[in-house]
Structure formats: structure tokens, C-alpha cells
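# What the coordinates show
One-letter residues, chain by chain:
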Amino acid sequence: MAEFEPVLLANINRPNSFTRKEYEATGGYQSWKKVLSMDRNDVIDIVKSSNLRGRGGAGFPTGLKWTFLPKDHPGPIYFCLNADESEPGTFNNRILMEQDPHQVLEGLMISSYATRTSTAYIYLRYEYPGCNKRLQDAIDECYAAGYLGDNIQGSGYSLNIYIHQGAAAYICGEETGLIESIEGKRAWPRIKPPFPAIEGVFRKPTVVNNVETVACVKHILDRGADWFKSMGVPADPNNPRDAGSYGPKLYCLSGHVEKPGCYEAPLGLTARQLIEDFGGGCWKGRSVKAVIPGGISMGLLGPDELDCPLDFAGPGKYGCLGLGTAAAVVIDDQTSIVDFLHNSARFFAHESCGQCTPCREGTSWALKMLNRIKAGRGRLKDLDLLAEIGDTIGIIPGTTICGLSDGAAWPIKNAIKKFRGEFEHYIKRTNPDGYMVTDPVPVFETTAH
Amino acid sequence: MATVIVNGKEIEIGDDERLNGIQVARRAGVDVPHYCWHPGLSVVASCRMCLVETGRRDPATGEISMMPKVVPGCQTPATDNTVFVTDSDKVKAARAMVEEDLLIRHPIDCPICDKAGECALQDYHFKHGREERRADLKPFTSRRRPMGDTVTLFVDRCVMCTRCVRFTREITGTAELMVINRGSHEEIDIFPGYPLDNKMSGNVVDLCPVGALGDKDFLYSQRVWFMKSHDGVCAGCSTGCSIKIEENQDRIYRLKPRENRHVNQWWMCDEGRYGFKYVHNAERQIQPTVFTAEGATAVEWPEAQSHLHNLLKNSPKLAVVVSPFLTVEEAFMLCKLAKQADPDSILALGPVPQSGQDESFANGFTIRAEKCPNRRGVEKVIGHFAGQTTSFEDFVANTDCSSLDAVWVTGGYPQDWMTTDQATKLSAAGQLIVQDIFTSPAWEVASVRLPGVAFAEREGSYVNASDRLQSFEWAIRPPAGAMMEGRLYWNLLGEMGMYDAQRIRQMVAREIAFFAPAAGEIPAEGVDLRINQFAQTNSEVTA
């Protein structure tokens, strides 16, 4: 750990780190100038050989995604930078965009060049006005410096970058929901196929990448693929579908720790290491009850699962959905898991886009049941219903269009499975008379005759 | 040929057919429940009711590999060696889940809902749902709000299939309807001040699989299970939409479009849909009357028939105005009658009402300016008997009616269709026989008044503007006193037994080359009469 030098966060604490002058003083835009004379396929090959996987949540190999674009497509290709960072507990993109926007822009420019894009949209969530200003200032500086616009640096390549502010909806973080939103429509995710690489924004081939992903692209071009692959966890040879987890990652640590914050570390750090080494341990001398491994939608790690490595494959082995955005939220032993699940259900019931029936109705049903449990009218059978909702919604069982409903299902599923005893205790304590009621409809007694 | 396997049964589909799981299952006789999918609209795959299991069969080894999850049938294309399973436990569980989810916030007010009896939510719940309700939640708020002059929304009954929204976006292009709010608070709504007022608005009620969108015209007027549905053809314009006429005890309660890919796809316009009211107008004429020098005599039909029989016999010079509201069979018999009485009789086409311009929508649905159903058919029949067609205006202008012994005018128009001047000219003839459903200037001066029937009371065939012949049977009986034109002509021609439109149609097909393709059984979507017309009248076909 000691030899690791942060790269993504290297400059965020410098004064005026968000200006072009300061950025170029630390070697910024050298890669961009170099890339402009390179062959596009070489850029893609470098990114591909680095095994960079998307940082937005799903962990799809970035270079592979770029190769899905149709060859020799005559019309425009669009690039969408997904800066709709709305997963609860996640704030790494915000730090990048606010403190080092040029790093993001350079990555975006290189990625756009590699994918033959001449128009790039930054889909920025509405709640980040600071990022909006910093990014827009940075873009203006780039135009002034000739890094953006027509015929950049005489290379014949033109690129324009626009910021598109969302209207504060979680669903816009889903790539096809984001695309619909850019088109000015209701952000209902599209059915796939066709995937965005074939038909995306305005029915044209489109690449959607996360902010941290393109920032990594910049550093891969700076330092080479081998540097990137020198960090992280290699692919499991027994699992042909595992692409490995390489490179640095921004871990967002929040919740009940002494030192919450955004920390950069090579992928593969365990949850315990993150909490102990970076976060200074659980706060107030308490012990850890549960950890959300990567954003609330990834589920929960129990107190005995803290050795779970936080790489792309790790949380899956512990019953969680995946690494997600690597935003760890620590829950201490004085917090009720019922409260946690209620809060999570409230978020997902509010943010479900409402397109697919199982997610629209399932999330609100789960919330209503949890409302009732919290109000002291819970019954043990409600836990089975909650577990069933958790098991049946999402693209993994196949009942919804987008993967965000899996995110709604996993906290329910994990919480009920890993903390069932606490739920049962809570229900018995708060509803001592009715917790065993099994008849769903109240029975009205009729007068005997 | 591509082979698709549905529940173990092999189905052959054509190479150029693009079918989805629902359609291919239907071929195999398997009904896949669905809400949001509609063949005329884009696929959104959001209701998730049509979840099925799918997989591929290896053509070489015959080995089947299934996908681990369920997929929506509407979004899964059927290609060679695709496997669909629609009756596995996994599929049943998924359907039960969706059905249970949809009923969580549904008011279940079937006893007061117009849709009860033809509601997909109801039917699917009985077939695929759970027996008990596990969601013991207070479900609903019972709100209702108008969408426009024709349609009202029962907010809580909606299952958010968005068919209505897609219809206004994709078919009419007016996009009045939209989805507001998010998650379980979603509702269908209009933008304030922009109500649903396009010319096809009634279709959203047909599209609604549940009772959320109600037709204000039909609302609370009849339980659907009391009504009988009859296949018919709309007489509102020369498109001739295939429709269903739904009636109870000879009263029409509503018209609905019937799928016909060649004519109206799945739609019909509001003008046609709500335009049937004149059939039950109290002003309908129902008393056959004969006027002689002694004055008016109300007669029964047998007397009227013998009177007409004598009248035709004693009319060496005769003219007939054949209404474009008559069926092909009726026009044929009327012309035949006229030619029997007077081989040189004048045959004229009745007035052809025009209103506005033809209006086309996506998928080729057209509302025609020509507001009568059978101009093409009547024209062709007259052309056969008289060589050429005379328009009503030319006939009135160029004929000295006082030289004629009798003029027989047929009407059946829902609107005003002739002027007093025209009637005065016609009345110069020795006898003026008028067959109509309402009074008109001609009716006032007629010497024989014969009450006719309206469109749903008729039987026969109409030929629409693109030469497609559709046959239909009567849906309701005419009011007592009125007689179907065809029955009268049948009797006057001396035919025995009950009026049989099919026999006349076969006769027409034998005698008139234009109608030759209509000799056999007429399928539900009709027969294209242009099929063998190329040899004869090529110019006409292209025009």
C-alpha cells in the first residue's frame, strides 16, 4: 500500500487545481496533444490492453464497448459522459469534476477521439451546480486554448463538448435513460437490443462512459497500459467471464467511520482495510454491523464479511450485487437495520421510473410494508413477502428493462437474508399481539345465530 | 421456412415474416397474456405480462439451450430454431407476480366499471393471478378526470401500459396524452388546456386493456355482457372501416373497429364511431304511404308491394336514382327491376355527399371526404346496366321529368341530401316513388313513400374507395314499419323465400366482370376487386 501514489486525486488539493494553467503545470494535456497524431485504433488498443473496466457500476470493459461501434459509420457518433452521479453514498465524480475538471475533460477528449466522436455531451446531475460552473469554465478555457473546437491543433479533428443538466432523477444514470433524457424525453430506459453503441442518442451510435472511467483513460495514455495493469486483482483463471480488476479506484467512504472521504487505492482492497486503514475505524469506538460495498443498490455485507475484497468480482461472492460505484457506507452496531432498509426502500420507491410493472409496484409495496413494520404493525409473514419482492424484480430474473431495479431489490434481499433475526425481533417487540397474524384481510366477526 | 418451437410444438413461419413471441405463440394456439403490446404500436415491453422463457435449438444436434431468465415475448423475435416456453412454472410465477403487482393499487371496482366483462386485467387475473390477495394495503383514491370531450380517465384503474400515449404520438401525431409523475405515482394526463380532441380520440378507449379510459358516449349505458356483437362495415365514409356493431335488443350502444389490415388496421374515426345515432332517431319514417287523387292512404307492406307492382307494369318510361347508401345487391336488384319495367329506363347515381378533404394518418388510415359507403359499387352496377353512370345533378338538370311515367328515388342519407328545386323537378314525373329514412324535399312531394333502413339494418356488400368489397349481415332489425330495400326488391322481382343477399351477390359476380372476385365466400377482411381488373380497365386501376 505504501508504494501506491494517487493519480486521479493527485492534484485536487493544489490551490486553483481547477484552472488550466495549474493543470498544465502538472503535465496536463500532453497526452491530448500526443493522441491527436495517433491512429484511433492504437488508442483503443491501448485502452483495451489495459483491461480498464467501467467505473460507473456495471464494470463493463471500456475498450470492448468502444469496439462495438459500427465500423465506417457515415453519420455522427455521440459520446455521453455519464455524470449523473446519483447512487446514494457516491461522490467521487463530484470531486473529480469540481477539483480537477481538466483531467476529466482530457480523458473525455481522448475517448471522443478514439471513438470518432465529434460531439460529446456531459450529462450532469442537477444537484451539482458547482461542477457545472467548474466544468463550463474549463470547457471555455479549452476552447480558448484551441484544445476544443474545429480542426484542433491542425489535426483535422473537431470536437465540441456540451453540458446537459439533468432534472434530478436517479433513472437518468441508466445509460439509455440518460440517452432519452438528452433527447428531451421522459427518462424511461429503452429496451435492448439495440444497444447504444448501435443506436443511441438521436438514433445514432453512442458511447456512454462514466466520469472516472474517462479520467482513467487519460492516465492510461499518460503512463501506459502496463502501469495500469500493475495494480489490482488479476482475472480468476477458473472463471472465463472474469475480466480482472485493474487500476486505481476512487473509494467513497461514508457513514459511521472516523474519517469519511474519497480515497484512491488500487482495486482489491478489502472492506476492512478501507475502514481501518483509510477511515480510521468505526466511529465512537463502536463496531461495524454492516457495510454497503458500493452504493446502496449493491446490498449489504454483514459484520463477518468485512474481508470481502472490493474489486469487481469480490462483493458478488458475498451475496452482493457487485462493486457498483465502490461507495462504501459503514453502519455501526447501534443502528437498526430496519431503519436502513426503510430508508433504502423509500429511496427506490421514489426513484423508480415506473415503466416496468414489477419495479414500479414492487418498490412501493416494499415501502408500504416497511412503513407498517416501522409503525409497529409488522408481521413475520411480511418478511417472506419482502424477500420475494427482492428475488423477483430486476434484469437478473428478467422481469424489468433496466438494471436499476436489481439495485432496488438487492438491499431488501440482503437485509432480510443476513439480518432476518433482527427483523423478527423488531416485529415481535413492536407488534407483540399481531406478529403471527397470517390472514392478510381482516376478518370481521359475524353475529352467531 | 423458419421453424419455431412453442411449448414443444413446431411452427413453420415464412422467411419474410417478422413475428414476436406473442404472435408466434398465437399461431400455435397458445395465448400469451399482454397489456402494453399492440400490433399497431411500438414495442415498449414495460408491462411484463408476456414474460416467457426462450432459448435456441442447435440445428445440427437438436439440443436446446434455454436462457436462464424470463424475457418479454413481445420483444423477442421469432427466428429459425427459436424456442418459446409459455407454460413453465417460472413463467406462471412471473405472470402471477405481475398480476398481483397490478392489483396492489387497483380499486377492483368491477361492479361499477364499464370494462368489466371485457377487461384484460380481470380475465388475466382469473387465468393467471393468485387466489388470495397478499397486499393488504389501502389501495386507491377513486379519482376521475376528463381527457377531452369524448374520453374520461379513471385514474386508479390504469395499469400504465401507455398504449393510449403511444397511439396519440405514433398514429395521430397529436401527442395529447402523456405520463406524469414517477414510480407508483404515475398517471396518464393531458397538458393543461390541450385536451384529447383529435379525430381518432375514441380509439384510446378500445386500446385501454382495463377500465381506465372510458368512452363518455358509452359510459354506464350498457353492460358489455348484455350486448351482442355483429361484424359490420361503417357507412360513414368511403373508407368503409370494418367495425363491430354492439347492440342489445335492436338498440346500438357502440361501434368498435374490427382489425382489417387492408382497410382500417385497428382504428376508426370518431365521426364514424359516434355517427350511428341517427339510426335511433325518433324522426325515422316508418309508415308506407300511397298518395292518390283521393288523398294519402297509409298502407301495409303487402299492399304497397302490389301497388308498386302495378305501377311498374304501367310505367313504360322510368327513371331510377340509386343511392350510394344501397348495397351492391340492392342496387343490382333495383336496376334489374327498372330494366324489366322499361329497357330504356334512365339509371342515375344518387348524390355523393362530400365534406372537407381526405385526411390520412400514420399506417395509411384515411378519413375520406366522400361521406357515403358504396359509390364505387353502385357506379359499377349502373355502368353494367346503363353503359355509363349519370350523376344525380346531371340527371336532374338534363332530364325532363314530365316526360317520364315514374321516377324512383332511393335515399338513406343521414344528412340533408337534396334541394327543394330538385324535388320540384322530380315531382313533374307521373309518379314519384321515394324510399328514405327521413323526410326530405322529395319525400314531401312523393306519390309513394317507402320507409327504408339505415346502415346497421342492412345486409349485403359495400365496395370502398379502394375497390375492396366487404359483406355484412344486418345487426339490428329496423323499426316496425320500415323494410330493408333489398327485401322489397327481392319480393318485387318475384323471388321466393327470404331475401338472400349472398345469392344475389353470386349473381352479380357472374354477370358483372368487376365483381367476379366476389363470387365465393367473402372473408372477414373483404375481397380486393382489383385482383383481376388489370386486363380490362388498366387505366381505371391506376387512377
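Note that the structure is a prediction, hence the values are computed from the model and not measured.

Let us now look at the overall build of chain B. Helix and strand content of chain B: 15 helices and 26 strands. In terms of overall dimensions, chain B has a C-alpha envelope of 85 × 55 × 40 Å along the principal axes. Per-residue burial for chain B yields a buried fraction of 49% across its 543 residues. Considering only intrachain contacts with a sequence separation of at least 6, the fraction spanning at least 24 residues in chain B is 65%.

Moving on, we come to the overall build of chain A. Across its full length, chain A holds 17 helices and 10 strands. With the principal axes as the frame, chain A shows a C-alpha extent of 95 × 50 × 45 Å. Evaluated residue by residue, chain A yields a buried proportion of 53% over its 449 residues. If you take every contact in chain A between residues at least 6 apart in sequence, the share linking residues at least 24 apart comes to 69%.

The next point concerns the sheet that holds strand E5 (residues 82-85) of chain B. All names here are of chain B. Spatially, E2-E1-E5-E3-E4 is the arrangement adopted by the 5 strands of the open sheet, whose pairing is mixed. Strand pairing shows two members of the sheet lacking a second neighbour, strand E2 (9-13) and strand E4 (64-72), which therefore form its edges. Within the sheet, the average angular offset between the axes of one strand and its neighbour, ignoring direction, is 30 degrees. In this structure, strand E1 (residues 2-6) lies alongside E2, joined through 5 bridges in antiparallel fashion. Of the residues in E2, the one forming a bridge with Thr3 is Glu12. Each of strand E3 (51-57), E4 and E5 touches helix H2 (residues 89-104); the most contacted strand, E3, lies at about 150 degrees to it.

For the rest of this paragraph, the subject is the domain arrangement of chain B. With domains assigned, chain B is organised as domain 1 (2-87), domain 2 (103-226) and domain 3 (289-542). Distance between the C-alpha centres of domain 1 of chain B and domain 3 of chain B: 49 Å.

Each regular strand carries side chains that alternate between the two faces of the sheet. All names here are of chain B. Note: strand E24 (residues 460-463) against strand E25 (residues 468-472), 4 bridges, orientation antiparallel. Looking at the pairing, Ser461 lines up with Ser471 of E25. Counted between consecutive antiparallel strands, the loop separating E24 from E25 contains 4 residues, among which Asp467 sits at a positive phi close to 60 degrees.

A separate point is the domain arrangement of chain A. Residues and elements named next belong to chain A. Partitioning chain A into domains gives domain 1 (20-230), domain 2 (245-328) and domain 3 (337-430). One C-alpha centre belongs to domain 1, the other to domain 2; they are set 26 Å apart. Taken together, the contacts link 18 residues of domain 1 with 17 residues of domain 2. Of all the elements in the fold, those that place two or more residues in the side of domain 1 that touches domain 2 are helix H5 (92-99), helix H9 (211-223) and helix H10 (225-229). Per-class residue counts for the side of domain 1 that touches domain 2 are 6 nonpolar, 8 polar and 4 charged.

Attention now goes to the interface of chain A and chain B. Taken residue by residue, the interface counts 27 residues in chain A and 29 residues in chain B. Counting residues per element, the ones that place at least two in the side of chain A that touches chain B are helix H13 (337-351), helix H14 (357-374) and helix H15 (380-392) of chain A. Among the elements that make up the side of chain A that touches chain B, the one with the highest residue count is H14(A) (9 residues). Per-class residue counts for the side of chain A that touches chain B are 12 nonpolar, 11 polar and 4 charged.

Residue and element names in this part refer to chain B. With 6 bridges joining them, E3 and E4 adopt antiparallel strand pairing. Considered in E4, the bridge of Arg57 is made with Ile64. Hairpin connection of E3 to E4: 6 residues between the antiparallel strands, including Gly62 at a positive phi of 80 degrees. The sheet contact formed by E3 and E5 spans 4 bridges and is antiparallel. Bridge pairing links Gly55 to Val83 in E5.

This part is about helix H13 (residues 485-492) of chain B. Since there are 3.6 residues in each turn of an α-helix, residues three or four apart along the chain are aligned in direction. Residue and element names in this part refer to chain B. Counting buried residues along H13, 6 of its 8 residues qualify, which places the element largely inside the surrounding structure. For H13, the complete set of buried residues consists of Glu485, Gly486, Arg487, Leu488, Tyr489 and Trp490. As for H13, its buried residues are in contact with helix H8 (328-341), strand E21 (406-410), strand E22 (431-436), E24 and helix H14 (501-511). Gly494 lies just past H13 and shows a positive phi near 80 degrees.

What follows is about the nonpolar core. A:Cys80, A:Leu81, A:Tyr251, A:Ala328, B:Val322 and B:Cys335 are the most contacted members of the largest nonpolar core, which totals 287 residues. By residue number, the principal contributor to this core is H8(B), which donates 9 residues.

Residue and element names in this part refer to chain B. Every buried residue of H14 is listed here: Ala501, Ile504, Arg505, Val508 and Ala509. Mapping the buried residues of H14 onto a view down its axis gives an arc of 140 degrees, with all of them on the same face. Buried-residue contacts for H14 involve H8, E24, E25 and H13.

Residues and elements named next belong to chain B. Mapping Leu308 onto the fold places it in helix H7 (residues 301-313). Look at Leu308 and you get buried, because 22 C-beta atoms sit within 10 Å. Spatially, the C-alpha atoms of Leu308 and Leu488 are 10.0 Å apart, while their sequence positions differ by 180 residues. In contact with Leu308, not counting residues within four places along its chain, are Val448 and Leu492.

When pLDDT is averaged along chain B, the result is 92; 97% of the residues meet or exceed 70. Below pLDDT 50 for its whole length, residues 535-543 of chain B participates in 4 contacts with residues either more than four positions away or in separate chains.

Moving on, we come to the environment of A:Val43. Looking at the element boundaries, A:Val43 is found in helix H3 (residues 40-49). Excluding residues that lie within four positions of it along the chain, A:Val43 makes contacts with A:Val35, A:Met38, A:Ile110, A:Tyr113 and A:Ala114.

All names here are of chain B. Taken in spatial order, the 8 strands make up an open sheet running E15-E14-E23-E22-E21-E16-E17-E20, and their pairing is mixed. Edge positions in the sheet fall to strand E15 (295-298) and strand E20 (390-391), since each has one partner strand and no second. The strands touched by helix H9 (residues 375-386) are strand E16 (318-322) and strand E17 (346-349); relative to E17, the strand with the most contacts, the crossing angle is about 165 degrees.

Below, the discussion takes up unusual backbone geometry. Following A:Lys192, the chain continues into A:Pro193 via a peptide bond in cis, with omega recorded as -5 degrees. Of note, the phi angle at A:Asn51 is positive, near 55 degrees, even though the residue is not glycine. Structurally, A:Asn51 is set in the loop between H3 and helix H4 (62-67). Overall, the presence of 22 C-beta atoms within 10 Å leaves A:Asn51 in the buried class. In this structure, B:Asp250 is a non-glycine residue whose phi angle is positive, near 65 degrees.

It is the contact of H14(A) with H2(B), at a shortest axis distance of 9 Å, that shows an interaxial angle of 55 degrees. For the element pair H14(A) / H2(B), the angle class is oblique. Judged by the twist between their axes, the crossing of H14(A) over H2(B) is left-handed. In this structure, H14(A) uses A:Thr357, A:Pro358, A:Glu361, A:Gly362 and A:Trp365 to contact H2(B), whose residues at the interface are B:Met97, B:Val98, B:Asp101, B:Leu102 and B:Ile104. Residues that form the contact of H14(A) with H2(B) fall into these classes: 6 nonpolar, 2 polar and 2 charged.

To continue, consider the packing of H3(A) against helix H6 (residues 101-114) of chain A. Residues and elements named next belong to chain A. Axis separation between H3 and H6 bottoms out at 8 Å; the angle between their running directions is 120 degrees. As summarised for this structure, H3 and H6 are arranged oblique, according to the angle between their axes. Of the residues in H6, those touching H3 at Arg40, Val43, Ile44 and Val47 are Ile110, Tyr113 and Ala114. Class assignment for the residues of the contact of H3 with H6 results in 6 nonpolar, no polar and 1 charged.

What counts and what doesn't
Think of each chain on its own: its residues are numbered from 1, step by step along the sequence as written. Written order determines the labels here, with chains lettered from A and ligands numbered from 1. Since the coordinates come from a predicted model, pLDDT governs what is reported: local features require at least 70, and pairs of side-chain atoms require 80 or more to be given and counted, while whole-chain, interface and lining totals use all residues. Helix and strand labels come from DSSP, where a helix needs a run of H or I of at least four residues and a strand needs a run of E of at least two; each type is numbered from the N terminus. Labels follow a simple rule on C-beta atoms placed from the backbone: if 20 or more others lie within 10 Å of a residue's own, it is buried; if 12 or fewer, it is exposed; otherwise it is partly exposed. Note on contacts: residues are paired as contacts if their backbone-placed C-beta atoms lie within 7 Å. Only strands that DSSP links by at least two bridges are regarded as paired with each other. To obtain an axis, a line is fitted to C-alpha atoms, over the contacting stretch when the element is a helix, and the angle between two such axes runs from 0 to 180 degrees between their N-to-C directions. A domain assignment, automatic or from a database, supplies the domain bounds used here. In this classification, the charged set is Asp, Glu, Lys and Arg, the nonpolar set is Ala, Val, Leu, Ile, Met, Phe, Trp, Tyr, Cys and Pro, and all remaining amino acids, among them Gly, are polar. In this description, a nonpolar core means buried residues of the types Ala, Val, Leu, Ile, Met, Phe, Trp, Tyr and Cys, linked to one another by C-beta atoms lying within 7 Å. This arc is taken over the directions from the axis of the helix to the C-beta atoms. Each residue carries a pLDDT score, the predictor's own confidence in it, on a scale running from 0 to 100. Any angle from 65 to 115 degrees is called roughly perpendicular, while one under 35 is roughly parallel, one over 145 is roughly antiparallel, and all others are oblique. Left-handed describes a crossing whose near helix is turned anticlockwise from the far helix by less than a right angle; the clockwise case is right-handed.

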